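Residue strings, one per chain:
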Amino acid sequence: MFVFKFIAVVVLIFSSAVQAAEMDALSVDRAAADNIHLSFANDQNIYPKEGDFEINNYVLMSNEQGERWAVITLTNLSSGSRTLVHNHLMALFANGDRGTPVPYQQHFAGNETQSITVSFGVSKFPILSVYTSKNE
């Protein structure tokens, strides 16, 4: 009887750990059409930092804890090297809020294209779009 209870407790602990790991896993969010036009008010005048970076495309991801991530492919439009910093990027959330990713920086050579993965923290609202000053 003791062995049965011990095995039941071990199975319960193991299944809880597996379930917690699954909740942390990111999944790709369904993307909105590229040609969708959103008109949320920007009363606080929040805009991305001016820069030479253009977003080619992005994939949005999240998990059950509300973590919001994006894989973003950007091009440095300048012929000189530039450093992308987190406030060059802006996310528009489903409640109209705007936000930058957690502090981040990445070096780009002139005219270079790179894909990066950035975190936009935790939000109960999904990200609808990601943009730079060149994509507004």
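Calculation criteria
- Residues numbered from 1 in each chain as written.
- Predicted model: local features only at pLDDT ≥ 70, side-chain atom pairs only at ≥ 80, totals over all residues.
- Heavy atoms only, no water.
- Helix = DSSP H or I, 4+ residues; strand = E, 2+ residues; numbered from the N terminus.
- Contact = heavy atoms within 4.5 Å.
- Buried < 20%, exposed > 50% of the residue type's maximum accessible area, 1.4 Å probe, protein only.
- Pairing = 2+ DSSP bridges.
- Core = buried A, V, L, I, M, F, W, Y, C linked by side-chain atoms within 4.5 Å.

**Student:** Looking at this model, I keep getting lost on the overall build of the protein chain. Mind explaining?
**Tutor:** Each helix and strand in the protein chain was counted, giving one helix and nine strands. Along the protein chain, helices and strands appear, N-terminal first, in the series α-β-β-β-β-β-β-β-β-β. In the protein chain, 71% of the contacts between residues at least 6 apart in sequence involve partners at least 24 apart.

**Student:** How should unusual backbone geometry be read in this particular structure?
**Tutor:** As a rule of thumb, non-glycine residues mostly have phi less than zero, and peptide bonds are mostly trans rather than cis. The backbone of N45 shows a phi angle near 50°, a positive value even though the residue is not glycine. Residue N45 is classed as exposed on the basis of its relative accessible area, which comes to 54%. Look at N111: it is not a glycine, yet its phi comes out positive at around 60°.

**Student:** Mind showing me how you'd approach the side chain of N42 here?
**Tutor:** Following the sequence through the fold, N42 ends up in the loop between β1 (27-28) and β2 (53-62). For N42, a relative accessible area of 17% corresponds to the buried category. Leave out the neighbours within four places in its chain, and N42 touches Y47 and R98.

**Student:** What exactly am I supposed to notice about the sheet that holds strand β6 (residues 98-99) here?
**Tutor:** Each strand in a sheet pairs with another by means of backbone hydrogen bonds, the pair being arranged parallel or else antiparallel. The three strands are arranged β6-β5-β9 in an open sheet whose pairing can be described as antiparallel. Each edge of the sheet is formed by a strand with only one pairing partner; in this case those strands are β6 and β9 (127-131).

**Student:** I would appreciate a short explanation of the nonpolar core in the present structure.
**Tutor:** General note: in soluble globular proteins, nonpolar side chains tend to be found buried as a group. With 16 residues, the main nonpolar core has I72, L74, L89, F120 and V130 as its most contacted residues. For this core, the elements supplying multiple residues, two or more each, are β2, β3 (67-76), β5 (90-93), β8 (113-122) and β9. Setting aside anything within four residues of it in sequence, one finds F120 in contact with R68, A70, M90, A91, F93, G99, T100, P101, I127 and V130.

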